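Summary of the model geometry
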Amino acid sequence: MDFNKLDVSIKEEISSCFDNYSNVLGGKNPFLKMIEDIREIKPNPLLNKTGTFHTSNVKVTLNKVMYKDTYTALFEAIRREEKNGDMLNGTSPKEYKTTMNMMRTLKSVTITFESKENENETFSFPILDTSEEKKTKTTFAFKAIFFYNLNEAKKALNYNA
């Protein structure tokens, strides 16, 4: 997904959220550094057995542990969503079941980012956006932090209407 191709209202909303997130962490550079740190952690930090991992300036917590099969299904669903606009379009019956199970599992999962520098400063967001009925998507913030190229987060942070 290209941030520049989104509707103006969506760009403004995402930009506002990213500005708030970066303010919690002390500015744009610490926010971008956190994303780079997350990308360097191997294996993927979302698969941590405790649901918690740390970067140099942030403690990240999932309210529910994610297992490898759920992560794989999420990754494939994100790829389908990027290609077809929906997680379920073009799925075989087996993929459909796997994707539905992943969506049920992750529907209530939120990721919380806690600044190590500023006490009690946190922000959180869900992995899945279920605001539209019959249309579950992955939140832009989740994709920008964990999957997209770093430039997408930079575009969101630097966006001016």
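So, how was this worked out
- Residues numbered from 1 in each chain as written.
- Predicted model: local features only at pLDDT ≥ 70, side-chain atom pairs only at ≥ 80, totals over all residues.
- Heavy atoms only, no water.
- Helix = DSSP H or I, 4+ residues; strand = E, 2+ residues; numbered from the N terminus.
- Rg over C-alpha atoms; globule rule 2.2 N^0.38 Å.
- Core = buried A, V, L, I, M, F, W, Y, C linked by side-chain atoms within 4.5 Å.
- Buried < 20%, exposed > 50% of the residue type's maximum accessible area, 1.4 Å probe, protein only.
- Axes fitted to C-alpha atoms, helices over the stretch in contact; angles between N-to-C directions.
- Parallel < 35°, antiparallel > 145°, perpendicular 65-115°, else oblique.
- Left-handed = near helix turned anticlockwise from the far one by under 90°.
- Contact = heavy atoms within 4.5 Å.
- Nonpolar A, V, L, I, M, F, W, Y, C, P; charged D, E, K, R; others polar.
- Phe/Tyr/Trp six-rings, centres within 6.5 Å; stacked < 30°, edge-to-face > 60°.
- Pairing = 2+ DSSP bridges.

The next subject is the overall build of the protein chain. Helix and strand counts for the protein chain stand at six helices and six strands. In the protein chain, the order of α-helices and β-strands from amino to carboxyl end is α-α-β-β-α-α-β-β-β-β-α-α. Scaling as 2.2 N^0.38, a compact globule of 161 residues should have a C-alpha radius of gyration of about 15 Å, and the protein chain matches this with 16 Å. Projected onto its principal axes, the C-alpha positions of the protein chain cover 45 × 40 × 25 Å.

A few words on the nonpolar core. Of all hydrophobic cores here, the largest spans 47 residues; its most connected members are Phe18, Phe31, Ile111 and Phe113. Of the residues forming this core, the biggest block, six residues, is contributed by helix α5 (residues 140–146).

Where helix α2 (residues 28–40) meets helix α6 (residues 150–158), the closest approach of the two axes is 11 Å, and the angle between their N-to-C directions is 160°. In this view, α2 runs roughly antiparallel relative to α6, as classed from their interaxial angle. Handedness of the crossing formed by α2 with α6: right-handed. Between α2 and α6, the contacting residues are Lys28, Phe31, Leu32, Ile35, Glu36 and Arg39 on the first element and Leu150, Ala153, Lys154, Leu157 and Asn158 on the second. Within the contact of α2 with α6, the residues separate by chemical class into six nonpolar, one polar and four charged.

Between two aromatic rings, the relevant description is the distance of the centres plus the angle of the planes. One pass over the full model with this rule turns up 16 aromatic pairs. Each ring, one from Phe18 and one from Phe31, has its centre 5.5 Å from the other, and the planes form 70°; the classification is edge-to-face. Placement of Phe18 in helix α1 (residues 8–25) and of Phe31 in helix α2 is noted, with a sequence separation of 13 residues between them. For the pair shown, Phe18 and Phe31 are each scored as buried. Judged by centre distance (4.2 Å) and plane angle (15°), the rings of Tyr21 and Phe123 are stacked. With a gap of 102 residues between them, Tyr21 in helix α1 and Phe123 in strand β4 (residues 122–126) connect regions that are remote in the sequence. Residues Tyr21 and Phe123 agree in their burial class; the two are buried.

What follows covers the sheet that holds strand β1 (residues 52–54). Read from one edge of the open sheet, four strands run β1-β2-β3-β4, paired in antiparallel fashion. This sheet does not close on itself; its edge strands, each paired only once, are β1 and β4. Between one strand axis and the next, the sheet turns through 15° on average, direction left out of account. Relative to strand β3 (residues 110–115), strand β2 (residues 58–62) runs antiparallel, the two being bridged by five bridges. In the strand pairing of β3, Lys59 is matched with Glu114. The sheet strands contacting α1 are β2, β3 and β4, and the helix crosses β4 at an angle near 145°.

A few words now on the packing of α1 against α2. At a closest axis distance of 7 Å, the pairing of α1 and α2 adopts a crossing angle of 95°. Considering the angle they form, α1 stands roughly perpendicular to α2. Each of Phe18, Tyr21, Ser22 and Leu25 in α1 lies in contact with α2, whose residues at this interface are Lys28, Pro30, Phe31 and Met34.

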